[in-house]
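Residue-level structure breakdown
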Amino acid sequence: MPKGLNILFCTSEVTPYSKTGGLADVSNSLPQELNALGHAVRIITPKYGPLDERKLRIYEIKRLTGIEVPVGDRIAICNIKSSFIVSPKGKVQVFLIENDEFFGQTSPYVDAKSGKDYPSNDERFIFYNRAVVQVLGLLGWQPDIIHCNDWQTGLIPAYIKTIHSKDPLLNSVKSVFTIHNLAFQGLFPHKSFLKSGLPDNIYNENGVEYYDQFSFLKTALNFSDIITTVSEKYAQEISASHEYGYGFEGILKKRKKDLYGILNGVDYTVWNPEKDKLIPFRYSSKELPLKRENKKALLKHFELDYDAEVPVLGVISRLTDQKGFDLVEAILKDLMSENIQLIILGTGDKTYQKIFENLKKKNPKKVGLHLGFSEELAHLIEAGSDIFLMPSKYEPCGLNQMYSLRYGTIPVVRATGGLADTISEYKNGKGNGFVFEKYEPAALLNAVRRALKLFKNREEWIKLVRQAMAYDFSWEVSAKKYVELYRSLIKKEK
Ligand code: ADP
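Residues numbered from 1 in each chain as written. Predicted model: local features only at pLDDT ≥ 70, side-chain atom pairs only at ≥ 80, totals over all residues. Heavy atoms only, no water.

What follows covers the site of the ligand. Around the ligand there are 19 residues in total, and Gly22, Asp25, Arg318, Lys323 and Gly372 lie nearest to it. Between the ligand and the protein, one listed contact pairs an oxygen atom with a side-chain N or O atom of Lys323 at 2.8 Å. Within the backbone of Leu399, one N or O atom sits 2.9 Å away from an oxygen atom of the ligand. Coverage of the ligand by the protein amounts to 93% of the 560 Å² it exposes when considered alone. (Near = heavy atom within 4 Å. Polar contact = N/O pair within 3.5 Å; in protein donor to acceptor, adjacent residues only side chain to side chain. Areas by Shrake-Rupley, 256 points an atom, 1.4 Å probe, with all protein chains shown as cover.)

Encoded structure:
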């Protein structure tokens, strides 16, 4: 048995401490799985807002308080707190970086009042990235691998390779950078670069500069030892075209031999209808009448009438263009003319919020709407809906379509990124959902109608539901792929 690896997992969100999307789920479950495989993983993340430190069991580490971290020409103070993610898989230590000036608000990236990114996001994440590197020196723990995620962690590989290149604790550390969404790039003006403390000679297009701006994402793409993204299809898409690559397709093509697609997994200790504590009726694929009880509970929650014959379409999503809401908007009239009910849980763009508010007003008996973030409702919608809508324009991996499968809620998706890698059209008794290719309203409507048609065929529908519930996207396979990559990196050096 080869020796287990030491892995530092750097992330800007992780449940249960913070969450805006799938990254938080992945940051919770991948480290647990790696730990279960015999590795020592520690997570390091900002501590946003006032958290219930008693409930979350967050403790001070006396010797890690008052750490001085340079940001621009001043010094910011960082305290490290400790907590553990505990599950049947074991315990993973989490270091929470505390600084009230930068992370005093609960929302990780966007000012809840203005709905816009915090103007200080450059300083907030320069601080986080520098703190991570600095804290390592104080922990007296040497990682073999630093695994960074998305732009908010993008400077760490550059600090290791530049100003810390002679640091004995860091100079042999390998960095892995995972792209969870290439659309978020951490773009700031040149003056933000000056606050980073990185050397001037990397401010060029082979370093950190992206069209006259400083990009955290580009920094990571150029300085990390290996780049991964969260599905094979998305790895191909982002290195093949501008449409998906947003101008980074060139670098990604150049680094193709270092670019890997590894599908995210599902944490079935959290997303499993047989054990889910957040739903009123737990069920397996042999107890589908209980799924109907959840449907009743869901409709009751939204004060809608229950009719077993009427399919409920569920949506749980950030309300943004990425998720295909312009297509949804374009087919709303047709959708409302069908005998269906539509339930939406989401936060995001005001335009989409308005559209759905109007829709609810016009169709009070058909539409349930919750504008906000609710973990509980997300579970109830997965359990109580018949069909799940996810017509994304692009989708690096997507988790909800995989959660839906396990809850027997049939996904209607566009064939992009992780959706293409996990969902296939139900045909001749094979497949697990309904899939369309072209990003066009008619293609989405068609796919929805295929689902509605099959829903009427009770026997066939139940067969599909049972088949969908049997798919297994647990983390183990993907976590092993990460370990293989980590090991290949370490070997490369020797
Ligand atoms: P993304 O990370 O692009 O938002 P994913 O499908 O990978 O999309 O992950 C989304 C995660 O966020 C899922 O766990 C989903 O249940 C959750 N989620 C999204 N919006 C909400 C919401 N309004 N309330 C509760 N959970 C939400």
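We now examine the nonpolar core. In this structure, Leu313, Leu342, Phe356, Val412, Phe434, Leu444 and Trp461 are the most contacted members of the largest nonpolar core, which totals 74 residues. With near-sequence residues (within four places) excluded, Leu342 lies in contact with Leu313, Val315, Leu332, Met336, Leu359, Lys366, Val367, Gly368 and Leu389. Core analysis: the second largest hydrophobic core is formed by 65 residues, Ile97, Cys148, Phe188 and Ile227 among them. (Core = buried A, V, L, I, M, F, W, Y, C linked by side-chain atoms within 4.5 Å. Buried < 20%, exposed > 50% of the residue type's maximum accessible area, 1.4 Å probe, protein only. Contact = heavy atoms within 4.5 Å.)

Taken domain by domain, the protein holds domain 1 (6–265 + 476–493) and domain 2 (288–472). At the interface, 19 residues of domain 1 touch 20 residues of domain 2. Across the domain 1 to domain 2 interface the summed buried area is about 1400 Å²; carbon plus sulfur atoms make up 57%. The interface formed by domain 1 and domain 2 holds 1 salt bridge in total. Residue Glu375 pairs with Lys19 through a salt bridge whose shortest N-O separation is 3.7 Å. Summed over the shared surface of domain 1 and domain 2, the result is 9 residue pairs in polar contact (both at pLDDT 80 or more). Taken together, the elements giving at least two residues each to the side of domain 1 that touches domain 2 come down to helix H1 (22–36) and helix H7 (232–240). Element by element, the count of residues in the side of domain 1 that touches domain 2 is highest for H7, at 4 residues. Tallied by class, the residues present in the side of domain 1 that touches domain 2 amount to 7 nonpolar, 7 polar and 5 charged. (Domains from an automatic or database assignment. Buried area = accessible area lost by both parts, 1.4 Å probe. Salt bridge = Lys/Arg side-chain N within 4 Å of Asp/Glu carboxyl O. Helix = DSSP H or I, 4+ residues; strand = E, 2+ residues; numbered from the N terminus. Nonpolar A, V, L, I, M, F, W, Y, C, P; charged D, E, K, R; others polar.)

The peptide bond linking Thr15 to Pro16 adopts the cis configuration, its omega dihedral lying at 5°. Its place among the elements puts Pro16 in the loop between strand S1 (6–10) and H1. Notably, Asp212 is not glycine yet its phi reads approximately 65°, a positive angle. Using a relative accessible area of 61% as the deciding quantity, one classes Asp212 as exposed. Phi is positive for Tyr246, which is not a glycine, with a value near 50°. Structurally, Tyr246 is set in the loop between helix H8 (242–245) and helix H9 (249–254). We classify Tyr246 as partly exposed; its relative accessible area is 29%.

As a further point, take the packing of aromatic side chains. Inspection of the entire model under this criterion finds 25 aromatic pairs. For the ring pair Phe102 and Phe127, a centre distance of 5.0 Å and an interplane angle of 40° mean the geometry is tilted. Here Phe102 is found in helix H2 (residues 100–103), whereas its partner Phe127 is found in helix H3 (residues 121–139), with 25 residues between them in sequence. When the ring centre of Tyr268 is taken as reference, the NZ or CZ atom of Arg406 above it lies at 3.9 Å. Here the basic side chain of Arg458 rests over the ring of Phe455, its NZ or CZ set 5.3 Å away from the ring centre. (Phe/Tyr/Trp six-rings, centres within 6.5 Å; stacked < 30°, edge-to-face > 60°. Lys NZ or Arg CZ within 6 Å of the ring centre and 35° of its normal.)

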